[in-house]
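Survey of secondary and tertiary structure
Each chain, letter by letter, is given below.
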Amino acid sequence: MAEQKNILFETKDGILYLTISRESKLNALNFNTLEELKNIFNEVNDNRSIRGVIITGAGEKAFVAGADINEISELNELNARKFAEFGQEVFEIIESCHKPVVAVVNGYALGGGCELAIACHMRIATTNAKFGQPEVNLGLIPGYGGTQRLTHLIGRTKATEILMTGDMLDANEAKALGLLNHVEATKEEAIARAEEILKKIMSKAPLSIGMIVDCINAVFANDENGYQIEANSFARCVKSEDYREGTTAFLEKRKPNFKGE
């Protein structure tokens, strides 16, 4: 994996650890950082040695405090549409990744940072985490999919309030609304919980995990028949070597050795 300017990464025991590293800017997402995320996740999908991903932010103050205001302030109508569409493209790649992606949210996850977190498959936060879409304070709305994913995750009524007021949610409020899987006291404990979940998932059949991502995403796609995608995916599983290994291991009362084939 090529070196990146704004994202630190390391791989350990099949898990790719990504750290948005613009701490002096509270890890705000600029165009280059989004481009780096796109490049990384395009490689993740094809890298069989990577079985799961953890995304976090550098330091203790912020996961990602938003999009880069310096870039936003120079937008016009034409490039604003392209700006939003590029962010949506990157976050859709993350959401569609066939490897489980967990956001470990420390501190502020606002604007584009909240949108990045909710594009991940799961979210674990520290007790000091704050979530929000404060774009209305700038005369804007979320542009990277926030209006859509937040509504899907927490429901129309509460999403409307949060999007229109720009109010922030603390970690406990976010968990109560279904935005979070877990809340931990510290960043270290949150990462440890993410590792625990990923290691459990990594013991399962990789093809099955990827197809679950496709089926869940189909729930929210108006042009997809989720039941048909589920049936097609089920049939594809039955064609796989992992299916044969899983069923054989069950009958032989041993742990399966899945290879993603």
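Data block above holds the structure.
Presented here is a report on the structure given in the accompanying data block. Not measured: the values here are computed from a predicted model.

A separate point is a negative patch on the surface. A contiguous patch of negative charge on the surface is contributed by Glu-23, Glu-60, Glu-188 and Glu-189. Mapped onto the fold, Glu-23 is located in the loop between strand E2 (15-20) and helix H1 (31-46).

Here the focus is the sheet that holds strand E6 (residues 108-110). Taking strand neighbours across the sheet as the criterion, the four strands line up as E4-E6-E8-E9 in an open arrangement whose pairing is mixed. The open sheet has two free edges, formed respectively by strand E4 (62-64) and strand E9 (168-170), since each of these has just one partner strand. Each adjacent strand pair in this sheet contributes to an overall mean axis angle of 20°, direction not counted. Where E6 lies against strand E8 (residues 130-132), three bridges are found, and the strand directions are parallel. Each bridged residue has a counterpart across the sheet, and for Ala-109 the counterpart in E8 is Phe-131.

Glancing now at the side chain of Thr-33. Along the chain, Thr-33 turns up in helix H1. Within the structure, Thr-33 has its side chain in polar contact with the side chain of Asn-6 (distance 3.4 Å). The contacts of Thr-33, once residues within four sequence positions are left out, are Asn-6, Ile-7, Ile-20, Arg-22 and Ala-28.

A complete count under the given rule lists 11 salt bridges for this structure. Taking the shortest distance from any N to any O, the salt bridge between Glu-77 and Arg-81 comes out at 3.8 Å. Of this pair, Glu-77 and Arg-81 are both found in helix H3 (residues 77-95), four residues apart, which corresponds to roughly one turn of the helix. Judged by its relative accessible area of 45%, Arg-81 falls in the partly exposed class. With its nearest N and O atoms 2.7 Å apart, the salt bridge here joins Arg-254 to Glu-245. Of the residues examined, Arg-254 reaches a relative accessible area of 35% and is grouped as partly exposed. In the salt-bridge network here, residues are joined through shared partners; they are Glu-184, Arg-193 and Glu-196.

What counts and how
- Sequence positions are assigned chain by chain, starting from 1 and proceeding in written order.
- With the structure being a predicted model, the display of local features is reserved for residues of pLDDT at least 70 and the display and counting of side-chain atom pairs for 80 or more, all residues being used for whole-chain, interface and lining totals.
- With hydrogens and water excluded, all non-hydrogen atoms of the structure serve as input to the side-chain values.
- Patch rule: a residue counts if its relative accessible area is over 30% and it has no salt bridge; like charges are joined within 9 Å, and nonpolar side chains (Val, Leu, Ile, Met, Phe, Trp, Tyr) within 5 Å.
- Throughout, the Shrake-Rupley method with a 1.4 Å probe supplies accessible areas, and for residues the shown protein chains are the sole cover considered.
- The salt bridge definition used is simple: a Lys or Arg side-chain nitrogen within 4 Å of an Asp or Glu carboxyl oxygen.
- Note on charges: Lys and Arg go in the positive column, Asp and Glu in the negative column, and His and the chain ends are not counted at all.
- Lysine's charge is taken at NZ, arginine's at CZ, aspartate's at CG and glutamate's at CD.
- Counting from the N terminus, the helices are DSSP H or I runs at least four residues long and the strands are E runs at least two residues long.
- DSSP bridges decide pairing: two strands pair if at least two such bridges lie between them.
- Interaxial angle, 0 to 180 degrees, is taken between N-to-C directions of lines fitted to C-alpha atoms, where a helix line uses only the stretch in contact.
- Think of a polar contact as two N or O atoms within 3.5 Å of one another; within protein, one of them needs to be a possible hydrogen donor and the other a possible acceptor, and neighboring residues in sequence only count if both atoms come from side chains.
- Contacts between residues were defined by any pair of non-hydrogen atoms, one from each residue, lying within 4.5 Å.
- Burial classes: relative accessible area under 20% of the type maximum marks a residue as buried, over 50% as exposed, and values in between as partly exposed (1.4 Å probe, protein chains only).

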